[in-house]
Each structure stands twice: as C-alpha cells, then as structure tokens.
Amino acid sequence: MMRELKFYEAIREALDLCLAKDPRVYLMGLGVPDPKGIFGSTLGLQQRYGSWRVMDMPTSENGMTGIAIGSALNGMRPVLSHQRVDFSLLAMEQMVNQAAKWRYMFGGRHSVPVVIRMIIGRGWGQGPQHSQSLQAWFAHIPGLKVVMPTTPYDVKGLLISSIEDDNPVIVLEHRWLYTIVGEVPEGLYRVPLGQAKVVRGGQDLTIVATSYMVLEALRAAELLAEQGIAAEVIDVRSLRPLDGRAILESVCKTGHLIVADAAWTTCGFAAEIVALVCEHAFEHLKRPPRRVTLPDCPCPSSAALANDYYPRSVHIVAEANALLGVSGKPGLASEAVSSVPLDVPDLNFTGPF
Amino acid sequence: MTPEAQRMRWLYYNLLRIRMVEETIAQRYAQQEMRCPIHLCIGQEAIAVGVCAHLAREDYVLSGHRSHGHYLAKGGDLNAMVAELYGKATGCAGGRGGSMHLIDLSAGFLGATPIVAASIPIAVGAALGSVMQKEPRVTVIFFGDAAPEAGACHESLNFALLKRLPVVFVCENNLYSVYSPMSVRQPEGRPLASLAAGHGMATYRGDGNDVFSVSAIAQEAIRQVRDGGGPMFLEFMTYRWREHCGPYYDNDLGYRSEQEFQDWKQRCPVARCRERLLREGILTSQDHEEIVRTLEREIDAAFRFAKESLFPEAQELLEHVYAP
C-alpha cells in the first residue's frame, strides 16, 4: 500500500520539495516559522532553509502582498500564507488590482508567479470574521487562478503545480481537511490546474462540490446508494481555470445537478456552475438544478446557531430526494446527522483552532 | 568641457526633453487621439532627472500615475511611450495600459500603476528580490504627497527598514492630491519626511525645483543605499502646473490661486537650470537652440511613429491575461 499522509503533511512536503528544487521559491506569512507552523503545514522548514527563505512577516497583509509581487517581478517565486481567508481581504488591492492585472496591463511584458495560500475556517465558534468562504470573489477575477484541494494527494500536487505556474494562484485550504489522511506518493508530482476529478461514479445524479463539501457529497452519495440512487460526485479542484467539460459530461449523463459549495448562495460559485450547465446542457436537464450553500447571513459563533449554518451530507440527500421526486428515508438521514460532529472536523478534536 | 559641465548639460537636456514631451502631449491631446487619462509632470521634472542621474540601467524605478518624467529620465523608450498613449500595438504595454501603465524593462523601468501607494510595496518587493539573489541593484520608487496617507506606504517603510533593503523612497510633494490641499489631509507643520523618520528611516528634504539640489541629495542617498546602509526617504517640494489629469491649466476652479501658481512658475526647474548654465558659460544660446531643434525632431518623430503605428488587433483582446 502506498504511504499515507495527513493533508497538512502533504502541504509541508510540497513546500519542502519546491524549496529544495528551486532557490527562487520562498515562503512568507504571519506565523510561518512559529511553533505552530500554520497548523503544521510549514513546521521545520525554517530550520532547513533559513530565515530569508522561510520568513515570518509584519502584520501588513496588503503591503506584504505587494512585496511578494515585487519580488516575483524580480525573479523570485513567493508563497504567501494567510491563516484565515478573512485576513487576506486587507490585500484585495494588491491581489486584484496588481497581481491579477500586471501581465495584461503591461501587454504581456512580465508575469507574476505568486502563490497565496488561504485557510478557510469553520466551527469551534470562529464566527463572522474567521470562517468565510470567498472563492467566488477570487474566481471572478481574470488573471487569478483559484484552486481548492480536497485530498492530501491533490493538495500536494496542486500546490506544486501552483508554485511552478507563472501566474498568481490562490490556494484555498479548508481547515477541516487538515487532518484527513490519504495516499500521497513521495517526490515531486503535479496535479494540473484546470482539471476536475470524478471521485465517485453514478448514473442518476451529478453532485458538483468544492473542498470540504466533496467529503459531505461522498457521504451523501453513500446514503443515496442505500436508497438505490447512484450519485456521481465531481471534485471541482480548480475553480479558475474551470473544467467545464467534466461537469457537462456528467450532467449530460445524469440529467440532474446539485452543486454543494459552502459559500453564500447569491452570486456564488454554485451559481456559476448552474449557469454553465443551463447555458451548455439545458436540453439534458430533467429538472431544475439545486444548490446546497450557506444561508444568507454571516457565520454565527455559538454552536447552537452554527449547527444550522453549515450544510452537511443530509442536506445534500434531502435536496437529491426533492430533485429526483422521491421521498427518501428520514430515519437514515437523522441517524447520519447524529453521527456527524457539528462544529469540529472529527470527534478527537477538542479545540481551539 | 569638464565632466562636471557635461553632467550639468545632461541634466538640462533631460529636463528640457521631458518638458517638451509633456508640452507636446498637452498641445495634441485635444485632437482626441490620445484617448486615455494623462497626468503631466510639467513643473516637477527636476526630481525625476536629478534622481535618475545617479542610477544605472540595471537599477529599478517604479512610479505611480504621474510617471512620464520618471520613465523618460530612467531611459524609457520615447516612441513606445507615445505609442502607448495613442493605444497602439507598438506601445510599451501593447496598448493595454495607456499613460498610467508605462513599462520599459530594458531600461530598468519596472512599471508604473496609478492606485496611490500601491506601487510602493511592489518596489520594496523588487528590492527584497535583489537582496535574496545577491544583486547590487538599487530600486527607486517615486510617489506623491498623498501616498504617505495610505497604509501600504507605511507597511512598506516598515518592512524595508526591517530587512535593510536597497530602496530609495522619493516623495514628490506638490501640495495637492487632485484638488485637495495638504491642509485638509494632513496636520499642519508636519513634513512628510518626518513620517519616515518616525519609522526610524534616514531622510532628506530638498527643493524639488532645483535639479542640482535634487541631484546632490540623490547622489548621496543612492550611494548610502547602494553601500548597504538600508533604505532612504527623500522628500522634494514642488508644484504641478497643469490640472491633475488632463492638458489644461485649472487655476480658475478656485482650489488654488493664480498667484500661488505664478510664484511657483517663477521657480521653473527648467528655466532655473538653463539660466545657471548660461550664466556659468556651460551653455550658449546657440547651444540651447540646437538642443531644442534636436528635441523637436526626436519628439516629432515619436508622435509620427505613434500615429503611423497600427492598433492592436481586435482578436488579441484576450491575450496576455495569463502567462502560458
């Protein structure tokens, strides 16, 4: 059997290999070399590569993003990490006005090979400003690339591809994925940007999911299988460039679409997938597509409220049953709810993040 | 001619060149062929010329929205700049950027972008890259008096000091941000250089309308920065003659007085330099006429090049969004 790593270990290995291979690669971010090492993903790297190539930084998200861009223009390949997506909002100017447009606005004279890692929080009372999912913002911008890896294999391969890419790439890592375990080959390998992955085959229904929602979609597919419904689950992996063909091929086969994206509904990424399918495969749809997304409010801190905030497998199952016009088995769903931890990624977690 | 006299003539030549380019843009702007915002630096040329006089081609310069002078003083290609204003394929940014996005990598002009203060951290990052790659390069960033009101400026000063990066911050204080005077933006009696000094940075202040004074200050500052002394902040006082954006004078609007403009015009950086050169016998009026004719020919040729150049093809619209 192939070696298994946790998600954060796969990130660390990708960074380690890229630092070793290319002297232009360097890491920076608040807490990158600190004793926690960005939830373990950068632990030990400063000891190996020194304080210039693995550097902590002032709490100056916007300025430091510009500094990363400037160093990239002068030949470096920076990897900037934010411990929460929310912190990166201070740097929207540099990401959107500068990094995304530099190549275009200078007629292709220069490009900006910058990777910006951002971690999506969830649960344990992190609340309105520590847990947002803003992938749609970034994926909206021409000039940026946006990836959301789900598995340890993919995060390593996508991170290496992102670091080797000559464009600015936003890598959105879900905190709840950090301790999942999966097979990860040793050494350098690449998962190409712009390729979705069918992670479970099925004929009856297509579930397109991003990041952590892929795991919920897989759980939902298992529950649906018990009802005799074969759901196909697609892990988007790369939001921009988007692998529209993989999604359309699946929907053409199943005629039913659910998009599971743990972000707000309005103008969200799920809406983009629905629009894509309606524009290009409308005649294959047997019913209107459905979205499993977040309610239209900020994330509350209290677990009592947050429990109803985040959609889970049972919500996907309920949408699938409604979509397919079947009644489902409520017993099964409630059993699944009680077995899923509601504000921690796994039962061993005792907080805080 | 002594090397010193030659150097002084070089300063004058470049001052006059920028002035004449900017005046030509102003004259021809009404033809509606340069269809992009322009921010002319007439009245402020001495800072660009005095600073860039001490830079090598490999050194980097970045700038903001009012960048024509910096681009030309650093050796940016004139034809490509004018063609960019005309939106032509031969423009320095292939017609994608216009006046606010000049670039000439072969001249070390790394780029100019018009979001106030946004190019400051990018310049600091370029300097970080130089240190990490052990290059002797110095990076100069030009910005106006409003940039130190933005967080990105202070974040950049802090980090440049933290890592002792080879950056020269050059603040051109022309007293106005668009129509807003200093008095509505910053506390009275606080020089901009003192903000950098508050960070712990070495600073100089000088008369931005005296190219010899700018040059002397810049020479010393750039020497110190190049020798590893860490970053430096220079503030030069100056005045923009024309409107913030566009080819005209706008003293009739009432946000500043005609008298104030006339006072500054008396201190014209080009005329002051010329008068000194004439007085000291470094330049004769015949020399001057010859320089003017040479520059007229060069500028005419640049505008002709721009007008005769082709526009980018419509099917190129989506090119250059991503690097391959």
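Residues numbered from 1 in each chain as written. Chains lettered and ligands numbered in written order. Predicted model: local features only at pLDDT ≥ 70, side-chain atom pairs only at ≥ 80, totals over all residues. Heavy atoms only, no water.

### So, the pattern of salt bridges
All names here are of chain B.
Here is step 1: What the rule picks out here adds up to 32 salt bridges over all chains.
Here is step 2: The partner of R185 in a salt bridge is D145, with the nearest N and O atoms 2.6 Å apart. Here R185, found in the loop between β6 (180-181) and α7 (192-199), pairs with D145, found in the loop between β3 (139-144) and α6 (151-162); they are 40 residues apart in sequence, far enough to count as distant. The two residues R185 and D145 agree in class, both being buried.
Here is step 3: One salt bridge connects E235 with R205, and the closest N-O pair in it is separated by 2.9 Å. With E235 in strand β8 (residues 232-237) and R205 in strand β7 (residues 202-207), this residue pair connects regions lying 30 residues apart in the sequence. (Salt bridge = Lys/Arg side-chain N within 4 Å of Asp/Glu carboxyl O. Helix = DSSP H or I, 4+ residues; strand = E, 2+ residues; numbered from the N terminus. Buried < 20%, exposed > 50% of the residue type's maximum accessible area, 1.4 Å probe, protein only.)

### Considerations on the nonpolar core
Here is step 1: Core analysis: the largest hydrophobic core is formed by 163 residues, its most contacted members being F138 of chain A together with V51 and F169 of chain B.
Here is step 2: Filtering out sequence-adjacent residues up to four positions away, F169 of chain B remains in contact with I120, V124, I141, F143, S156, L157, A160, M201, P231, M232, F233 and L234 of chain B.
Here is step 3: Among the nonpolar cores identified, the runner-up in size contains 37 residues, and L15, V169, V171 and Y189 of chain A belong to it. (Core = buried A, V, L, I, M, F, W, Y, C linked by side-chain atoms within 4.5 Å. Contact = heavy atoms within 4.5 Å.)

### A look at the sheet that holds strand β5 (residues 115-120) of chain A
Residue and element names in this part refer to chain A.
Here is step 1: Read across the open sheet, the seven strands follow the order β3-β2-β4-β5-β7-β6-β12; overall the sheet is mixed. Either end of the sheet is taken by a strand with one partner, and the two such strands are β3 (54-55) and β12 (238-240).
Here is step 2: Across three bridges, strand β6 (residues 145-147) lies against strand β7 (residues 169-174) in parallel orientation. Residue pairing in the sheet places K145 in a bridge with V169 of β7.
Here is step 3: Along the sheet face, helix α3 (residues 61-73) touches β2 (25-29), β4 (77-82) and β5 and points at about 165° away from the line of β4. (Pairing = 2+ DSSP bridges. Axes fitted to C-alpha atoms, helices over the stretch in contact; angles between N-to-C directions.)

### Notes on the domain arrangement of chain A
Residue and element names in this part refer to chain A.
Here is step 1: Per the domain assignment, the segments of chain A are domain 1 (4-183) and domain 2 (197-339).
Here is step 2: In this structure, domain 1 and domain 2 have C-alpha centres spaced 27 Å apart.
Here is step 3: With 29 residues of domain 1 in contact, the opposing surface of domain 2 contributes 27 residues.
Here is step 4: Buried area between domain 1 and domain 2, summed over both chains or domains, comes out near 2,200 Å², and the portion from carbon and sulfur atoms is 57%.
Here is step 5: For the domain 1 face of the interface with domain 2, the top three residues by lost area are R122, M148 and T150, together amounting to 26%. (Domains from an automatic or database assignment. Buried area = accessible area lost by both parts, 1.4 Å probe.)

### Overview of the interface of chain A and chain B
Here is step 1: With 42 residues of chain A at the interface, the matching set in chain B holds 43 residues.
Here is step 2: Summing both sides of the interface, chain A and chain B together bury roughly 3,400 Å²; the carbon and sulfur share of this comes to 66%.
Here is step 3: On the chain A side of the interface with chain B, the three residues burying the most area are W52, N74 and Y104 of chain A, jointly 21% of the side's total.
Here is step 4: Linking chain A to chain B there are zero salt bridges.
Here is step 5: Summed over the shared surface of chain A and chain B, the result is 20 residue pairs in polar contact (both at pLDDT 80 or more).
Here is step 6: Looking at the side of chain A that touches chain B, the elements that each hand over two or more residues are α2 (45-53), α3, α5 (92-99) and α6 (102-105) of chain A.
Here is step 7: Ranked by the residues each element gives to the side of chain A that touches chain B, the list is headed by α3 of chain A, at 10 residues. (Polar contact = N/O pair within 3.5 Å; in protein donor to acceptor, adjacent residues only side chain to side chain.)

### Digging into the packing of aromatic side chains
Here is step 1: What the rule picks out here adds up to 15 aromatic pairs over all chains.
Here is step 2: Judged by centre distance (5.4 Å) and plane angle (85°), the rings of W176 of chain A and Y212 of chain A are edge-to-face. Of this pair, W176 of chain A sits in the loop between β7 and β8 (181-183) while Y212 of chain A sits in helix α9 (residues 212-226), and the two are 36 residues apart along the sequence. Comparing W176 of chain A with Y212 of chain A shows no difference in burial state: the two are buried.
Here is step 3: Site record: aromatic cluster; members linked through ring pairs are Y176, Y179, Y239, Y255 and W264 of chain B. (Phe/Tyr/Trp six-rings, centres within 6.5 Å; stacked < 30°, edge-to-face > 60°.)

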